[in-house]
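So the chains spell out like this:
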Amino acid sequence: MNARTFVRLAVTNPVSAAYLAVFGGSVLFATGVTLFASDPGFVWVWPAFVTAPASLVAAGIGMTVWHEAPFWALLLGLGVCALVQSFALGLLGRAVGRPYRRNTARPQHG
């Protein structure tokens, strides 16, 4: 698989694009609440929920390796998880959208 195939499956198909838009919207919402609210609370849970279950696995592995990870590392991890799941959705969309092909080859009588 080359980079063009990855981008086509992870970003440009409609299912993956919609998923990445929801993820981007949740990150923008969490950023706005963090910047402009007096107490943002647990608003950054929503981008993690959007990227679950990949983000839960990545957070578990990341916290065992890097106990006090900086915020940028967590955002980078969420972005990677979003791309991985977007790629998986692209593969699923391609598999479901492809019409069923029967084997139309004639049997060999010999």
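Procedures and definitions
- Residues numbered from 1 in each chain as written.
- Predicted model: local features only at pLDDT ≥ 70, side-chain atom pairs only at ≥ 80, totals over all residues.
- Heavy atoms only, no water.
- Helix = DSSP H or I, 4+ residues; strand = E, 2+ residues; numbered from the N terminus.
- Buried < 20%, exposed > 50% of the residue type's maximum accessible area, 1.4 Å probe, protein only.
- Expected span 1.5 Å × (residues − 1).
- Contact = heavy atoms within 4.5 Å.
- Patch = residues over 30% accessible without salt bridge, like charges linked within 9 Å, V, L, I, M, F, W, Y side chains within 5 Å.
- Areas by Shrake-Rupley, 256 points an atom, 1.4 Å probe, with all protein chains shown as cover.
- Salt bridge = Lys/Arg side-chain N within 4 Å of Asp/Glu carboxyl O.

1. Remarks on the environment of leucine 75
Note on placement: leucine 75 falls in helix α5 (residues 71-97). What makes leucine 75 partly exposed here is its relative accessible area of 32%.

2. Notes on α5
With 27 residues, α5 extends 38 Å from end C-alpha to end C-alpha; this agrees with the ideal 39 Å at 1.5 Å per step. Buried within α5 we find Ala73, Leu78, Cys81, Ala82, Gln85, Ser86, Phe87 and Gly90.

3. A few points about the environment of phenylalanine 6
Following the sequence through the fold, phenylalanine 6 ends up in helix α1 (residues 3-12). Taking the relative accessible area as the measure of exposure, phenylalanine 6 reaches 32% and is therefore partly exposed. Taking C-alpha positions, phenylalanine 6 is 9.8 Å from leucine 83, a pair spaced 77 residues apart along the chain. With residues near it in sequence (within four places) discarded, phenylalanine 6 still touches Met1, Val11 and Phe87.

4. Thoughts on a nonpolar patch on the surface
A surface patch of nonpolar side chains, amounting to about 850 Å² of accessible area, comprises Val57, Ile61, Val65, Trp66, Trp72, Leu76, Val80 and Val84. Those elements that place two or more of their residues in the nonpolar patch are α4 (54-65) and α5. Sort the elements by how many residues they give to the nonpolar patch and α5 lands first, with 4 residues. Along the chain, the position of valine 84 falls in helix α5.

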